[in-house]
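# Topology and contacts: notes
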Amino acid sequence: MSSLIESPLAYLVGHTPVCWIGEPFAPAGRGFWAKLEGANPGGLKDRAALHIVKRARARGELKPGALIVESTSGTFGLGLALAGIVYGHPVTVVTDPGMEEIVQRLLQAYGVRVEAVTRPHPSGGWQQARLDRVAELLADHPGAYCPHQYDNPDNVAAYAGLARELRRQIGRVDVLVCSVGTGGHSAGVARCLRGQHPRLRLIGVDAVGSTIFGQPARPRLMRGLGSSIHPRNVAHEEFDEVHWVAPHEAVWACRTLARTHYATGGWSVGAVAVAAAWCARTLPAGTKIAAIFPDGPARYYTTVFDDAYCTEHRLLDRPPAAEPEEIKHPDEAEATRWTRMVMR
């Protein structure tokens, strides 16, 4: 298949719905719009995987039938599985022991070879260990292609369509709330929206223990947002503020979303909901807030939605405070709970 237009599978991606999130996250009459990217077959990163592979083929960087090798904690791997089927490429993903069993089994069912590293890098953690193994596999397989999702500008460009969908669905966007991992969708959606609404505020949501915005790297329960490396796709200059969210706060938000809105997801969804709800409560009435929910709940049945797991990690019945902690610089204090930093 030479293009997305020729593949009916590609039409499974995009045109995802939005959902109004109101009480109890915000007072009556207030709330935010959630873009439900879990409606894509594999989640938000289906968009990036298809676009990156399409562009690499167009430039001749990815030859017909060549192997694709990439590091992933799960969602981008699912997107690459789809891209591999659409374009006829074998796919190998490198992950770590934190990948949920359901994701690993799905990847294998889709024909993906899954390889897990067994120990973290001394300073770069699991992500760097995965990247080091990807480099070894690329050396062992001449002609193989790596999408480099952390640094590839096509990862940013892939989300222009999502921004256009948001404009059609809700019109003007005053505040955009995005989780930050590779940095692709936050940069891509914000840049496209600011083309028509230059005063849009971009709020990044990170995990406690992530080093993306200058905090020290620590072991993290939450997957899908945060990083122990510094992805070049993170457009630091685009962010107006950042919120760090802890696992117990994300769990509370995920479970409350499920109970009250039937629209929920995993760690990133919960973390984004915490920050977006605060915006809805505190910004002037009429401010239009859009939040990107990257995935759905299915892969989190052994973590976020597992009482035994949450009890073991002290994640239950610990809602976020009414307001975040405030710091002015990442060196001022280490975030251990919901914390906000204004960047401009």
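Residues numbered from 1 in each chain as written. Predicted model: local features only at pLDDT ≥ 70, side-chain atom pairs only at ≥ 80, totals over all residues. Heavy atoms only, no water.

Summed over all chains, the structure comprises four aromatic pairs. Between the aromatic rings of Phe 25 and Trp 252, the centroid separation amounts to 5.7 Å while the plane-to-plane angle is 65°, which identifies the pairing as edge-to-face. Taken together, the residues Phe 25 in the loop between strand S1 (18-21) and strand S2 (32-36) and Trp 252 in helix H8 (residues 247-261) connect sequence positions 227 residues apart. What makes Trp 252 partly exposed here is its relative accessible area of 28%. Measuring from centroid to centroid gives 6.3 Å for Phe 32 and Phe 293, while their planes differ by 65°, and the two rings are edge-to-face. Taken together, the positions of Phe 32 in strand S2 and Phe 293 in strand S9 (residues 289-293) put the pair 261 residues apart, joining distant regions of the chain. Summarising the burial analysis for this pair, Phe 32 and Phe 293 share the class buried. (Phe/Tyr/Trp six-rings, centres within 6.5 Å; stacked < 30°, edge-to-face > 60°. Helix = DSSP H or I, 4+ residues; strand = E, 2+ residues; numbered from the N terminus. Buried < 20%, exposed > 50% of the residue type's maximum accessible area, 1.4 Å probe, protein only.)

Relative to strand S11 (residues 339-342), strand S8 (residues 241-245) runs antiparallel, the two being bridged by four bridges. Considered in S11, the bridge of His 243 is made with Arg 340. In terms of strand pairing, strand S10 (residues 325-327) meets S11 through three bridges, oriented parallel. Across the sheet, residue Glu 325 finds its bridge partner in S11, namely Thr 339. (Pairing = 2+ DSSP bridges.)

This brings us to a nonpolar patch on the surface. Taken together, the side chains of Leu 9, Leu 12, Ile 85, Leu 106 and Tyr 110 define a hydrophobic patch exposed on the protein surface, amounting to about 420 Å² of accessible area. Mapped onto the elements, Ile 85 comes out in helix H2 (residues 75-87). (Patch = residues over 30% accessible without salt bridge, like charges linked within 9 Å, V, L, I, M, F, W, Y side chains within 5 Å. Areas by Shrake-Rupley, 256 points an atom, 1.4 Å probe, with all protein chains shown as cover. Salt bridge = Lys/Arg side-chain N within 4 Å of Asp/Glu carboxyl O.)

Neither face of strand S3 (residues 68-71) is open: one carries Ile 68 and Glu 70, the other Val 69 and Ser 71, and all of them are buried. Handedness of the crossover joining S3 and strand S4 (residues 91-95) through H2 is recorded here as right-handed. (Right-handed = clockwise from strand over helix to strand, strands pointing away.)

All right, on to the sheet that holds strand S5 (residues 113-116) then. To summarise the sheet geometry, strands pair through backbone hydrogen bonds and adopt either a parallel or an antiparallel arrangement. Strand order in the open sheet made by the three strands is S3-S4-S5, with parallel pairing throughout. Only two strands of the sheet have a single neighbouring strand rather than two, namely S3 and S5. Going from strand to strand, the sheet's axes swing by 20° on average, the running direction of each strand aside. Where S3 lies against S4, four bridges are found, and the strand directions are parallel. Pairing of Ser 71 across the sheet is with Val 94, part of S4. (Axes fitted to C-alpha atoms, helices over the stretch in contact; angles between N-to-C directions.)

Our focus in this paragraph is the UniProt feature "domain: Tryptophan synthase beta chain-like PALP" (unreviewed entry) in the protein. When the UniProt feature table is mapped to this numbering, "domain: Tryptophan synthase beta chain-like PALP" (unreviewed entry) covers residues 11-295. The span residues 11-295 is 39% helix and 15% strand, and its two end C-alpha atoms sit 18 Å from each other. (UniProt positions renumbered as here; feature names shortened; annotations may be inferred.)

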